[in-house]
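# Notes for the structure review
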Amino acid sequence: MAVPGKVAAFRLPPLPTVGEIIKLFRLKALKQLSQNFLLDLRLTDKLVRQAGELKNAHVCEVGPGPGGITRSILSAGVEQLLLIEKDARFIPGLKMLSEAAPGKVHIVHGDILTYNMEKAFPKHLKKKWEDEPPDIHIIGNLPFSVSTPLIVRWLENVSKKDGPFIYGRTQMTLTFQKEVAERLTANPGGKQRSRLSIMSQHLCTVENCFVIPGQAFVPKPEVDVAVVRFTPLVQPKIQQPFKLVEKVVRSVFQFRRKYCFRGIETLFPESGRLKRTEQLMMTANVDPTLRPFQLSMSQFRNLCNTYRKMCDEDPSLFVYNYREELKLKKKMNLLISTSQPEQTEEENQL
């Protein structure tokens, strides 16, 4: 008998197991799409719990595949679940789950990299950026091939407060290769400290929740997988445009094992490079003999703020591309070497 005043918890009706769904629809993980299925419902439940309280929440699951995590999300009592699946082979199995939870599931056959997330959820869920996060969550066991470009895109969305973050500080709970997760959460001085560490931590609180051993997946990947949770910060730690921060951070880590001034040099054209590098480092108060992974977030902030002032004084700086200059230089050298006339046999002897 139900307790008065309490809403009965949602329960899925008896369904074929995820393994049976895979057999029923003859599903097979495609290596070219770096697909790995998580079939253990204890682990999918644990993953979904990391997202926090999902009762009556609106959730977007990225790449649900055969629907293991999908079942755990539905069992958490969500209000609405949006499934975005690129691989058409999984749609019939997901429709079975949709029919088992009438009115709760909306399936989109499409690519998350091109899907317009600004229209994914009802407008009434929007919250001010300064408020608590909205009752919206993004959850996904991401294919390895898409995980890094996707999180970089979403971090840019966080910076601009658009895409899935037009609703406020939408939280994300996602899987990554263990090594990538370690980069996302690495502290200054750690061997995994990287561009991803700075770009994610200056915009979000990033938590490495737990590690799922590779043997829990079908097929078994060669690496373990980690579950990472992102909560956008009210104020970014570096208050500069995303592209500027990304350019500075990428340049610094370009020569990871060398002193940081070597990477910072690549922000400037060859003409006047040394003088400008010294000016940037002195003004930002950064020791040029530190390695990139030793720099703190405040030192990156100083570098970005100083570089911004230099770009304001000379707008051509921001569009300068070190790699393009290198390519042009090589091309010019090649043209010079091929345009010189060949020496005669007599000249060679002389």
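Here, residues in each chain are numbered from 1, in the same order as that chain's written sequence. In keeping with the predicted nature of the model, local features appear solely for residues at pLDDT of at least 70, side-chain atom pairs appear and are counted solely at 80 or more, and the whole-chain, interface and lining totals rest on all residues. Only heavy atoms go into the side-chain values, all of them from the structure, while hydrogens and water stay out.

In this section: the sheet that holds strand β5 (residues 136-140). Taken together, seven strands build an open sheet; the order of strands is β4-β3-β2-β5-β6-β9-β7 and the sheet is mixed. Either end of the sheet is taken by a strand with one partner, and the two such strands are β4 (105-109) and β7 (204-212). The sheet shows a mean angle of 20° between the axes of neighbouring strands, direction not considered. The sheet contact formed by strand β2 (residues 58-62) and strand β3 (residues 80-85) spans five bridges and is parallel. Looking across to β3, one finds that E61 is bridged to L83. Only heavy atoms matter for contacts: two residues are in contact if any of them lie within 4.5 Å across the pair. Lines fitted to C-alpha atoms define the axes, with helix axes restricted to the stretch in contact, and inter-axis angles between N-to-C directions lie between 0 and 180 degrees. Numbering of helices and strands runs from the N terminus, with a helix taken as a DSSP run of H or I at least four residues long and a strand as a DSSP run of E at least two residues long. Against the sheet, helix α5 (residues 144-160) makes contact with β2, β5, β6 (171-177), β7 and β9 (225-232), and its axis sits at roughly 150° relative to β6, the strand it touches most. Whether two strands pair depends on DSSP finding at least two bridges between them.

For helix α3 (residues 68-75), the tally of buried residues reaches seven of eight residues, placing the bulk of the element in the interior. Among the residues making up α3, those that are buried are G68, I69, T70, R71, S72, I73 and L74. With its phi angle positive at about 85°, G77 sits one or two positions after the end of α3. Here the term buried applies to any residue with accessible area under 20% of the maximum for its type, exposed to any over 50%, and partly exposed to those in between, with areas from a 1.4 Å probe on protein chains only.

UniProt positions are given in the numbering used here, feature names are shortened, and annotations may be inferred rather than shown by experiment. Feature annotation in UniProt assigns "binding site: S-adenosyl-L-methionine" (unreviewed entry) to the following positions: N36, L38, G63, E85, D111 and N141. Of note, L38 is situated in strand β1 (residues 37-38). Owing to a relative accessible area of 5%, L38 belongs among the buried residues under this scheme. In this structure L38 touches L43, T44, L47, G68, N141, I212, A216 and F217, once residues within four positions along its chain are discounted. Among all residues touching N141, those that are not within four sequence positions of it are N36, L38, V62, G63, I69, T175 and F217. Separated by 2.9 Å, the side chains of N141 and T175 make a polar contact. Any pair of N or O atoms that falls within 3.5 Å is considered a polar contact. Within protein, one atom must be able to donate a hydrogen and the other to accept it, and sequence-neighbouring residues count only if both atoms are side-chain atoms.

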